[in-house]
Structure formats: structure tokens, C-alpha cells
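Analysis of the macromolecular model
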Amino acid sequence: MVAPKETILLLNDHLHRHYGALKNATPATHRVLVVESERMLTTRSWHVQRLFFLISARDHFLQDLVAEGFEVELIRSPDTPAGIAQYRLANPDSHIVATEPSSHRQLKQFQELGITLHPNDFFLTPRPLFSQWASAQKTLVMENFYRAQRLRLNILMEGAEPIGGKWNYDADNRLPPPKGEHRWPAYLQHSRDAIDERVLQEIVDRKLPVFGKLPDSTWGTTRQAALQQLDHFLTHCFDEFGAYEDAMTTESWAVNHSLLSPYLNVGLLHAEEVIEAALKRFKGGDIPLAGAEGFIRQIIGWREYINGLYWFFGDLYRHENSLAANRPLLPLFEDSSKTEMKCVATTVEDIHSRAWVHHIPRLMVLSNLALITGTSPQEFLDWMRRAFIDAADWVMVPNVIGMSLHADGGKLATKPYASGGAYISKMSNYCKSCAFDPKKRVGEDACPFTTLYWDFLSRNRDRFAKNHRMAQQLAGINRLSDLAETKERAQEVLDLLSRGEL
Ligand code: FAD
Ligand code: SF4
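Residues numbered from 1 in each chain as written. Chains lettered and ligands numbered in written order. Predicted model: local features only at pLDDT ≥ 70, side-chain atom pairs only at ≥ 80, totals over all residues. Heavy atoms only, no water.

**Considering the side chain of histidine 190**
- Among the structural elements, histidine 190 can be located in the loop between strand E8 (161-162) and helix H7 (194-205).
- A distance of 3.0 Å separates polar atoms of two side chains, one belonging to histidine 190 and the other to glutamine 229.
- Not counting chain neighbours up to four residues away, the residues in contact with histidine 190 comprise Ser217, Thr218, Trp219, Gly220, Ala225, Gln228, Gln229 and Tyr263. (Helix = DSSP H or I, 4+ residues; strand = E, 2+ residues; numbered from the N terminus. Polar contact = N/O pair within 3.5 Å; in protein donor to acceptor, adjacent residues only side chain to side chain. Contact = heavy atoms within 4.5 Å.)

Shown next, in the form of C-alpha cells:
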């Protein structure tokens, strides 16, 4: 007798034929089910490019599965449990399997629904292995995890020693944008096909709640487009990735960044493939070690560390608010016309245009502002989740709650990433055409970052007093002759920002 086919419940972020539940599946042994939850699509408004990307990438992937001979069924239902119930009613003998979901909520839901789970191998580090590492640490410093990864995965190593003798080339990287003329890498343009057109039309016809500019050629929606993006990065951007990884400039919205996060996060690319291709280029000889190390650290270090911590910290971590920050989301995050701050307006406008900005505008512009204004971490998290093309629970929660807003009291990052206008002024060309002066902390033309930075330190002085990594910054407060005026100006700035008038 022929064994009945198993049903693979496919999630939108598991779009790879060679990983997860699809790894050993064949059209003869498996069928594929996708449940599209109306609740996910309609209860919050998403950046239109994010929604478009997720749906179109899924539909292209399903098309490939059909071409391979798989039976594929897509059920649109009020929510996931209702869709599963509908499928089980029509297929009472079905046995449903899936890859372990990437969020706490969905994992719990799948367990409750009795779905058999395959281990999630969309990362390089199995969840239990990370947990073992983390449990043995005194502090969860990323650098220590990264070194352990280099050793474990044998990447850029000569035996037990790092190639070139150093683990970390940060000192050679992180330059500001060059002063004179500089040619930034060209952007890869992705073309649209009939599936893309249909998906976009459906978003419009179904009146799904969305914001942001309609998709252009920035993001591809297929495996082939993801591979092209990888090749484009390695050919045109990789050599100076490390050098300019922290630079911000109005002359290039991508600088030398890879733009791979959306593809990695939905499974169109796997980290193993990215690392293999990057190492091959590096071994080809035209990529400096500092640059290669900088990029590889992002993939085998930061990305894995963030995912590991998401699972290690558990589901309640998202609610932490150790600085008791309760200000509602500032209007300028959703509308760039609500501010004259050049750095913020440019960043928010870029998000409106492409649902993406690189790591430093996320950390040192947007999150820094949320941190020093005392914005609610949960409101800020919700906005970031809706606005970015690469957003997912596992990556947004630790990056926002821990890394950026220090809402976890220092479990992830030992000190808050708070800074005044000086950092943005050094690492970008924004301040040159801004209405404010990054050096000033009082007066109408004082940079709001600079004013609020000192106010933040002063407000939290007692809280950070025992943190030796904050000692130098806190000592700076004592040297301010105009602290009272700065705090007074900070109140004005906070009121104006809350009204969307600064
Ligand atoms: P590159 O700069 O080219 O880096 C290569 C890859 O490294 C990225 O594609 C990404 O996979 C990985 N990476 C680097 N840093 C991180 C990190 N801190 N966490 C996880 N992966 C990392 N990344 C997301 O993928 N999704 C998010 O929702 C997200 N939210 C963020 C929110 C905040 C507040 C901050 C500070 C960072 C966030 N990041 C997020 C991390 C990082 O900003 C993006 O991964 C990166 O900007 C994506 O662009 P890229 O692919 O060109 O990255
Ligand atoms: Fe941003 Fe301040 Fe520079 Fe203006 S002066 S661009 S607000 S850092």
C-alpha cells in the first residue's frame, strides 16, 4: 500500500528548497499547504513594500514547487488555526508537519495545533547550542560568541588562531564618508513579472492597510534575484564594506551594504551560501582581510547572536522597559515632514521609499532618538516591525529592546547606545544642511540630539552610576556649566517633538 502524503505547512520565511521540512520532501511523498491569515494582513498597517515582498516571494516560491510537481494549496482564512481546521476537515487523514517557526507566538501556536515540527536549520547555530553557550557565560558579549563561532565553524582560521593574527578589525573599519568626491557602488535594479504585478494589484484591490511608496526596482522577489543581489554585493560593494559600514551620506542610501537581509530572513538565501560565496571571493585575493572579516562577523556573529538571544531570553523579554520610558511614538517617525532634523527626516524618507535603511541610521539616528526622548520601547518596536522590509520578531525584539533602547537593563548591551549630535556629525554629511548645530545644546538652533543626550544622562545618572562603562560619559555632566539651561531646553525640545513641530 502507498503511504499517504504528509502535508508540509509552509511559512513565509522558510522559502528554501534545501532546508527545513522541504529538505527531504518530494512530490511523491509530500504536498504543500500555505495558510494566509487575514488577521496578520489587516489588523495592523504594514509598509506596502514589506507586504508586497513577503507575498510575492512566497508566490514565486510556490510556483517553483508546482513546476517541480508538488500539489500546493493556499487557504485564505481569518487566522492560522482556522485555516488549519479548514484543511483538516477536508483532509481528515492528513499529517501536518512544518519547520519550527521563528517566533515564540507561532511556535506555541503550532505546538498547540499538534503540528509535527522539524528543527529550524535556517540559522548556522541550533537553538540548544546557543543556549548552552549563553548559559556558560558571565556576560553575553557578542565578541566572545563570535570568536567561538569562528572556531566552531572554522571560518577565517589557521588552526586555533584567527587568520592575520587578529579577531577583530574594527579599528581599520568604520570610516566616515570620504570628504572629496567618492563613487559609491551602483544599485542593482530588479525587474517585475506577472506574479509581482498580480500581487501588487491584489494589495490594492483588497484595500489592505498599508503605507509607504509603492515598490520600485529596489527589491527582487525570487531566489534568482536574491542570488543576483549576493553577486552584486560581492562584486561591487564587498571590498569597501568594512571601511564604510558605519558611514551615512545623502549621496548613497545603501553605501556598501549588502541589502541581503530581506532574502536571508525569508529563506531565499541561506547564511551558509552567503558565507561560502564571500569566502570564495576573499580567497580570490582582491578583498582586504579587514573588510571580509567585518562582513563575516555580521553573518556568523551578529545575526546568529541576535537569533540565539531571542530564544534564550524568552517571550516576556519583549515587554521589558527598565528605563520606564513611556512617551508615545513621536510623529516624526511616521512622517518626515514633522521635523527639520536633517538626519531624521532623511532616514524616515528613505524608509518611506524603500522600507530599509542600514544599521547605523537604525541604531544611531532612530533608536538613539527613541532612547534619549524616553519613547516607549514597545511602541517603537511595533513601528519598526511594520516599517522595515526585513523585520521579523526574532531580529527586531533583541535589536530594539536590548541593543538599541537598553530596555532590558543591560542584559544584551552593557551600556546604552546614547549619543549627541557629534557622532552623527562625524559619521555623515547630514549636519551640513541641517537647521541645527550639532555642537550646541542650548538655544533654538541647538541640535536636539545634543540637548537630549545630556538630559538623558542627567535623568539616568543614578541608574547608571554603578556601570563602569558609563563612568566617562557621566563624568562629562559635571563639566557642563549650563546643565540647568540644557535641561530646560530639553523640556522644550521634548514638547516640540511630541507635537511634531521641531
Ligand atoms: P549588512 O550591513 O550588509 O550586513 C550583512 C548581514 O548581517 C545582514 O543582512 C544581517 O543579516 C546581518 N546582521 C548585521 N547586523 C545584524 C543585527 N544586529 N541583527 C541581525 N542581523 C544582523 N536586521 C534584520 O535583518 N531585520 C530587522 O528587523 C532588523 N532590525 C533592526 C533594528 C535595529 C534597531 C537595529 C539597530 C538593527 C536591526 N537589524 C535588523 C540589523 C541590521 O540593521 C540589518 O540586518 C541590516 O541593516 C540589513 O541590511 P544589509 O543586509 O545590507 O546588512
Ligand atoms: Fe541631526 Fe543634529 Fe546633525 Fe541636525 S545637527 S543633522 S539634528 S545630528
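**Here's the deal with the site of ligand 1**
- Every one of the 31 residues lining ligand 1 counts as a neighbour, but His257, Ser258, Leu259, Ser261 and Asn265 are closest to it.
- Contact between ligand 1 and asparagine 399: a nitrogen atom at 3.0 Å from a side-chain N or O atom of the residue.
- Expressed as a share of its isolated accessible area of 820 Å², the protein-covered part of ligand 1 is 99%.
- Contributions of two or more residues to the shell around ligand 1 are made by helix H9 (261-266), helix H11 (289-313), helix H14 (359-373) and helix H16 (393-404). (Near = heavy atom within 4 Å. Areas by Shrake-Rupley, 256 points an atom, 1.4 Å probe, with all protein chains shown as cover.)

**Structural notes on the packing of aromatic side chains**
- The full count for this structure, using the stated rule, is 27 aromatic pairs.
- Here phenylalanine 123 and tryptophan 394 contribute two aromatic rings whose centre-to-centre distance is 4.8 Å and whose plane-to-plane angle is 85°, an arrangement assigned as edge-to-face. You can see phenylalanine 123 sitting in the loop between strand E6 (116-118) and helix H5 (127-135) and its partner tryptophan 394 sitting in helix H16, a full 271 residues away along the chain. Of the two residues examined, phenylalanine 123 and tryptophan 394, each falls in the buried class.
- For the pair phenylalanine 333 and tryptophan 383, a centre-to-centre distance of 5.2 Å together with 40° between the ring planes defines the contact as tilted. With phenylalanine 333 in helix H12 (residues 331-334) and tryptophan 383 in helix H15 (residues 377-387), this pair connects stretches of sequence that are 50 residues apart. The exposure classification of phenylalanine 333 matches that of tryptophan 383, with both residues buried.
- Within the aromatic cluster, the residues linked to one another by ring pairs are Phe53, Tyr187, Trp219, Trp253, Tyr263 and Trp356.
- Against the face of tryptophan 311 rests arginine 127, its NZ or CZ located 3.7 Å from the ring centre.
- For arginine 297, the ring lying beneath its charged end belongs to tyrosine 146, and the centroid distance is 5.7 Å. (Phe/Tyr/Trp six-rings, centres within 6.5 Å; stacked < 30°, edge-to-face > 60°. Buried < 20%, exposed > 50% of the residue type's maximum accessible area, 1.4 Å probe, protein only. Lys NZ or Arg CZ within 6 Å of the ring centre and 35° of its normal.)

**A closer look at the site of ligand 2**
- Looking at ligand 2, the residues that line it are Met341, Lys342, Cys343, Gly421, Ile424, Tyr430, Cys431, Cys434, Phe436, Pro438 and Cys447.
- At the level of elements, helix H13 (342-354) and helix H17 (421-427) are the ones that each hand at least two residues to the shell around ligand 2.
- Within the shell around ligand 2, the residues separate by chemical class into nine nonpolar, one polar and one charged. (Nonpolar A, V, L, I, M, F, W, Y, C, P; charged D, E, K, R; others polar.)

**Considerations on the nonpolar core**
- Counting 133 residues, the largest nonpolar core has Tyr305, Phe333, Leu369, Phe380 and Phe449 as its most contacted members.
- The leading source of residues in this core is H11, at eleven residues.
- Contact partners of phenylalanine 380, with chain neighbours within four places excluded, come to Leu329, Phe333, Leu366, Ser367, Ala370, Thr375, Val400 and Leu405.
- Ile84, Ile96, Ala98 and Phe110 belong to the second largest nonpolar core, which has twelve residues in total. (Core = buried A, V, L, I, M, F, W, Y, C linked by side-chain atoms within 4.5 Å.)

**Some points on unusual backbone geometry**
- Located in the positive-phi region is arginine 174, a residue other than glycine, with phi close to 60°.
- Position of arginine 174 among the secondary structure elements: in the loop between E8 and H7.
- Its identity is not glycine, yet alanine 355 carries a phi of approximately 60°, on the positive side.
- Within the element layout of this structure, alanine 355 appears in the loop between H13 and H14.

**Points about the pattern of salt bridges**
- Enumeration according to the criterion identifies 37 salt bridges in this entry.
- A salt bridge links arginine 318 to aspartate 393; the nearest nitrogen and oxygen atoms lie 2.8 Å apart. Remark: aspartate 393 occurs in helix H16 and arginine 318 occurs in the loop between H11 and H12; sequence separation between them is 75 residues.
- Note on arginine 318: relative accessible area 22%, which makes it partly exposed.
- Here aspartate 393 falls in the buried class, since its relative accessible area comes to 11%.
- Aspartate 482 is the partner of arginine 441 in a salt bridge, and the nearest nitrogen-oxygen pair spans 2.9 Å. Taken together, the positions of arginine 441 in the loop between H17 and helix H18 (448-459) and aspartate 482 in the loop between helix H20 (471-478) and helix H21 (483-499) put the pair 41 residues apart, joining distant regions of the chain.
- Given the relative accessible area of 22%, arginine 441 is considered partly exposed.
- Given a relative accessible area of 13%, aspartate 482 falls into the buried group.
- Through salt bridges with shared partners, a single network forms among Glu36, Glu38, Arg58, Asp59, Arg76, Arg198, Glu202 and Arg206. (Salt bridge = Lys/Arg side-chain N within 4 Å of Asp/Glu carboxyl O.)

Fair warning: the whole summary comes from geometry, so function is off the table for now.
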